[in-house]
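# Breakdown of the fold
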Amino acid sequence: MSISIAQVQLKLPFVCTISGVDSSRLNLPFLQSFTIDAILRNMIKGAVSVVDQTSFMYHARFPDLTAVNLYGNSSFLPCKSGTKAPDYGDHILLLQGRGKLTPIAAYSMPPERKDAHLQCSPKEPKKERASSRMQSSIDLQQIAEKQGNKVTILDKLKTVHLHILAMEQWNASRLNMCHRNYLASAINLLHYLALKSLDTEQIKEELSSIGLMNLETINTHVLSSLGGCIEMLINSRPESLLGLQVSSESFPVHQSLVDKNVDLGMTAMVKKASSNRDILLGKLPNQKMAHIMVTVGQEAAENDTHITDLVNSGATIFRINCAHGNPELWSKIIATVKRCSLILEQPCRILMDLAGPKLRTGRLKDGPCVVKISPKRNALGSVIRGAQVWLSPQGAGPPPSHLSPDVILQVDGEENLSKLEVNDSVRFTDVRGKHISLQILSKYPVFSGAGFMAECSKTAYLESGTALYIKKKGKKSSVGFVVDVPPVEQFVRLRVGDLLVLSRDSSDEQDTSPCSAVGTHKMTCPCGYLFDSVKQGDPIAFDDGKIWGVVKGNSISEVVVTITHADPKGTKLGSEKSINIPQSDIRFEGLTSKDLMDLDFVAAHADMVGISFIRDVHDIVVLRQELSKRKISKLGVVLKIETQGGFEKLPLLILEAMKSGNPLGVMIARGDLAVECGWEKLADIQEEIMSICSAAHLPVILATQVLESLAKTGVPTRAEITDAANGRRASCVMLNKGKHIAEAVSTLDTILNSQCMNAKAELKPLMLVNRVG
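Structure report, in brief. (Residues numbered from 1 in each chain as written. Predicted model: local features only at pLDDT ≥ 70, side-chain atom pairs only at ≥ 80, totals over all residues. Heavy atoms only, no water.)

Turning our attention to the overall build of the protein chain. Along the backbone of the protein chain there are 25 helices and 35 strands. Of all 773 residues assigned to the protein chain, the portion counted as buried reaches 54%. When contacts within the protein chain are restricted to residue pairs at least 6 apart in sequence, those whose partners lie at least 24 apart make up 72%. Surface exposure of the protein chain reaches about 35,600 Å², of which carbon and sulfur atoms provide 51%. (Helix = DSSP H or I, 4+ residues; strand = E, 2+ residues; numbered from the N terminus. Buried < 20%, exposed > 50% of the residue type's maximum accessible area, 1.4 Å probe, protein only. Contact = heavy atoms within 4.5 Å. Areas by Shrake-Rupley, 256 points an atom, 1.4 Å probe, with all protein chains shown as cover.)

As a further point, take the nonpolar core. Core analysis: the biggest nonpolar cluster contains 115 residues, and Phe318, Met352 and Ile689 have the highest contact counts within it. Here the element with the most residues in this core is helix H7 (residues 183–196); it accounts for 10 residues. When near neighbours in sequence (up to four residues on either side) are disregarded, Phe318 contacts Val294, Val296, Ile307, Leu310, Val311, Val337, Cys348, Arg349, Ile350 and Leu351. (Core = buried A, V, L, I, M, F, W, Y, C linked by side-chain atoms within 4.5 Å.)

On to the pairing of strand E17 (residues 435–446), then. Pairing of strand E16 (residues 425–429) with E17, which is carried by 5 bridges, proceeds in the antiparallel orientation. Across the sheet, residue Arg427 finds its bridge partner in E17, namely Ser437. Between E16 and E17, which pair antiparallel in sequence order, lie 5 residues; one of them, Gly433, sits at a positive phi of approximately 90°. Sheet topology places E17 next to strand E18 (residues 449–456); 7 bridges connect them, and they run antiparallel. Across the sheet, Gln439 pairs through a bridge with Glu455, a residue of E18. (Pairing = 2+ DSSP bridges.)

Residues in a regular strand project their side chains so that they alternate between the two faces of the sheet. Where burial is concerned, most of strand E14 (residues 387–393) is hidden: 7 out of the 7 residues are buried. Side chains of E14 alternate between two faces, with Ala387, Val389, Leu391 and Pro393 and Gln388, Trp390 and Ser392 buried alike. Note: E14 against E18, 5 bridges, orientation antiparallel. Its bridge partner lying in E18, Trp390 is registered against Met453. In this sheet, strand E15 (residues 407–411) lies alongside E14 in parallel orientation, the contact comprising 5 bridges. Its bridge partner lying in E15, Val389 is registered against Val407.

Before going further, it helps to examine the packing of H7 against helix H22 (residues 682–695). Two measures define how a pair of helices packs: the angle their axes make with one another and the distance between the axes. Relative to each other, H7 and H22 sit at 135°, their axes nearing to 8 Å. Classified by the angle their axes make, H7 and H22 are oblique. For the pair H7 and H22, contact is made by Ser185, Asn188, Leu189, Tyr192 and Lys196 and by Glu688, Ser691, Ile692 and Ala695, respectively. Of the residues in the contact of H7 with H22, the class split is 4 nonpolar, 3 polar and 2 charged. (Axes fitted to C-alpha atoms, helices over the stretch in contact; angles between N-to-C directions. Parallel < 35°, antiparallel > 145°, perpendicular 65-115°, else oblique. Nonpolar A, V, L, I, M, F, W, Y, C, P; charged D, E, K, R; others polar.)

Time to look at the sheet that holds strand E33 (residues 664–669). As summarised here, the arrangement of the 8 strands in space is E7-E8-E9-E31-E32-E33-E34-E35, forming a closed barrel in which the pairing is parallel. The sheet shows a mean angle of 25° between the axes of neighbouring strands, taken without regard to direction. As paired strands, strand E9 (residues 349–353) and strand E31 (residues 608–611) are joined by 3 bridges and run parallel to one another. Within E31, the residue paired with Asp353 across the bridge is Gly610. Helix H14 (residues 327–344) rests against strand E8 (317–321) and E9 of the sheet, and its axis sits at about 175° to E8.

Bringing the environment of Gly433 into the picture now. Residue placement: Gly433 occurs in the loop between E16 and E17. Considered as a pair, Gly433 and Tyr461 are 28 residues apart in the sequence and their alpha carbons are 9.6 Å apart.

Moving on to the pattern of salt bridges. Per the stated rule, a full pass over the model turns up 25 salt bridges. Across the pair Glu216 and Lys204 runs a salt bridge, and its minimum N-O distance is 2.3 Å. Taken together, the residues Glu216 in the loop between helix H8 (201–209) and helix H9 (222–236) and Lys204 in helix H8 connect sequence positions 12 residues apart. Residue classification places Lys204 among the buried residues on the basis of a relative accessible area of 15%. Overlapping salt bridges, with partners in common, bring together Asp600, Glu626, Lys629 and Arg630 in one network. (Salt bridge = Lys/Arg side-chain N within 4 Å of Asp/Glu carboxyl O.)

Within the chain, Gln705 stands out as a residue other than glycine whose phi angle is a positive 60°. Note that Gln705 resides in the loop between strand E34 (700–703) and helix H23 (708–713). With a phi close to 50°, Leu707 is a non-glycine residue in the positive phi region. Looking at where Leu707 falls in the secondary structure, it is placed in the loop between E34 and H23. Taking the relative accessible area as the measure of exposure, Leu707 reaches 0% and is therefore buried.

Turning to the state of the cysteines, a few remarks are in order. Under the defined criterion, the tally for this structure stands at 0 disulfides. Cys525 supplies the cysteine sulfur nearest to Cys527, a cysteine that is in no disulfide, at a spacing of 5.6 Å. (Disulfide = S-S within 2.5 Å.)

For the rest of this paragraph, the subject is H8. Taken together, the buried positions of H8 are Ile203, Lys204 and Leu207. The arc that holds the buried residues of H8, viewed along the axis, is 105°, so those residues lie on one side. Exposed residues on H8 whose side chains face more than 90 degrees from its buried face are Glu205, Ser208 and Ser209. (Arc of directions from axis to C-beta.)

A word on the side chain of Asp723. Within the secondary structure layout, Asp723 lies in helix H24 (residues 718–725). For Asp723, the contacting residues outside a window of four places in its chain are Arg670 and Val706.

What follows deals with the environment of Lys272. Among the structural elements, Lys272 can be located in helix H11 (residues 266–281). Given a relative accessible area of 24%, Lys272 falls into the partly exposed group. Sequence-wise, Lys272 and Asn181 are 91 residues apart; in three dimensions their C-alpha atoms are separated by 9.2 Å. Beyond its immediate chain neighbours, meaning those up to four positions away, Lys272 contacts Asn181, Ser185 and His697. Separated by 3.1 Å, the side chain of Lys272 and the backbone oxygen of Asn181 make a polar contact. (Polar contact = N/O pair within 3.5 Å; in protein donor to acceptor, adjacent residues only side chain to side chain.)

Using the criterion set out here, one finds 2 aromatic pairs in the structure. Measuring from ring centre to ring centre gives 6.1 Å for Trp390 and Tyr444, while their planes differ by 45°; the resulting arrangement is tilted. Of this pair, Trp390 sits in strand E14 while Tyr444 sits in strand E17; the two residues are 54 residues apart in sequence, bridging distant segments of the chain. Geometry around Tyr469 places Lys476 over its ring, the cationic atom sitting 4.6 Å from the centre. Sitting above the plane of the Phe491 ring, Lys572 keeps its charged end 4.6 Å from the centroid. (Phe/Tyr/Trp six-rings, centres within 6.5 Å; stacked < 30°, edge-to-face > 60°. Lys NZ or Arg CZ within 6 Å of the ring centre and 35° of its normal.)

Structure (structure tokens):
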């Protein structure tokens, strides 16, 4: 029998411990975390090397996958999770020990290397393993020979140091497959995982009591920080108190066991993290602390000033969602961004998100092409403010950014429209036959001609083709015809207790008319995965968790849902809104056929590609194959973490992605992630993703609902201001679209960079005066 690293994947359990938060709250698959004292005691009793102790820990976590010959009875070793693992006390594990018993064990390296299957025994030791084991055993024997076997903080740090080196060595074959650009980062990530697998609470307190390092802040350079602290303790304590001679060469601070040429020093690691950020996202201008990314769509293709305003406000990256639009629209947006970037001399990059295998509601049939003009009224129905209407020539784009009209009307008669003057009264007959007038308030120059802000004091309904005219001196004079009125967005309004029937209907558009039963609505879902995987009793969420329900019944063509959470007045559910089923075992393909077609366009036009809904390592393997097939080596890759599986397997996803040399980053997509994992766990999950990416030297993009209220309404909430400030820990913060998006970008830019060298005087730390009172 043998240990298959392909089966157990990493050679140490991955545990999530954040500032004292119990990792069991996150429901991660690897939860055992062993105390340093217990590991040290176990190794001192049997003089077992750290590599053997690592094997022992894995035997405790995966007893069915480990073949180890054991002798004698077993006791138990305490674990952080509160469970117990077997402690073999004075007996020996695997190959290394001082006793007379010499058990034989076999293990295999990852199957990626065909020649990696090794058989290790006392008769055929491997030189490298023997050397490492010998050094580990000498160090531990020195600890064991101390008076009364009393364990000091120095001993514990040595144990941790050797423990993380063992993690590196046991995963040497995985590291050997990493691209040279990421080898140092992959090694440090493994060191971080080894450190997080230990219960370090006691040693943190001891280090804090003597004013030494904080283990929570060494993610970027684990080995050099531990080694430097050990050297400091050795050099600062009298030899008589140590009781033994320890050379600093016993603990290499900057060297890797896998590759002696890899510099793991603190300075090199910090530079590597900064370099990876700049390669993916671009260099930060003017000593700024983080990039700002903005999602753009149709509005960016229609109006150059929109992109110009965003760049001037501080945006450096623009995101296009391939789930919406088409290559023609994307090309227009990219051309607009590049043109504005060139004119403003501000470098900008493009990220394009592949749609991925996301469950969405089907498309509803378009409503009538009618726009409603509605003035503001008080409780008695009296008009208190007329509706603000923007009139402009067809194709002129949106109004100036400082204006906030209620309705935008495009008119095809540019020549006649430009002749309007302030105080003119523009008249028309709406679709109901009502005679309505618009009072011109102000005139503004626009891209083609002039635009006008008008006011309407009556409710009106307009459609394309509505004739506009003015009366002067008793004569009618045509202004033009209203054109390009968009269709009314259709939706169903769901309340608690309603039934929603999701059908597999393959037709492109569906009527929104409810079923015959009161409170019953019907929509489609074009993705067959939903009907193949869902089962009765599964919770189901719509539109990023705005609506929740429970599956009451299902068949191969329909799913019936009872709504359990919605607004008391009802919540709208429209076309192409997200569907999440957190407890189902839906197995998606990694990249859809649409994604593969879009990837060709992305590689030719964008700087980065976002990979949506990653669930396991296989998704990354497929991505690497597709990039290699297309010989795409410079396109940045952003792993979007928005599922439970993606979060749980993040270290493995990163290590697999590091086999390619493409620039790499991670996006925390908090919308689907919160729905999938639970709202109450989102903060802890966000912290852990940032910590893992910090250890892997990868830039992090923080996304979803950042300053959303400000972007949509112009007024931020207090909570979202502090949330945006947390973005200082990320390399980039992403904003979604909104009516006040330029103002939101400017505010975010101020928040993210308020601690830079050019911070405003009023934001500088307060200074104490010499005298009080």
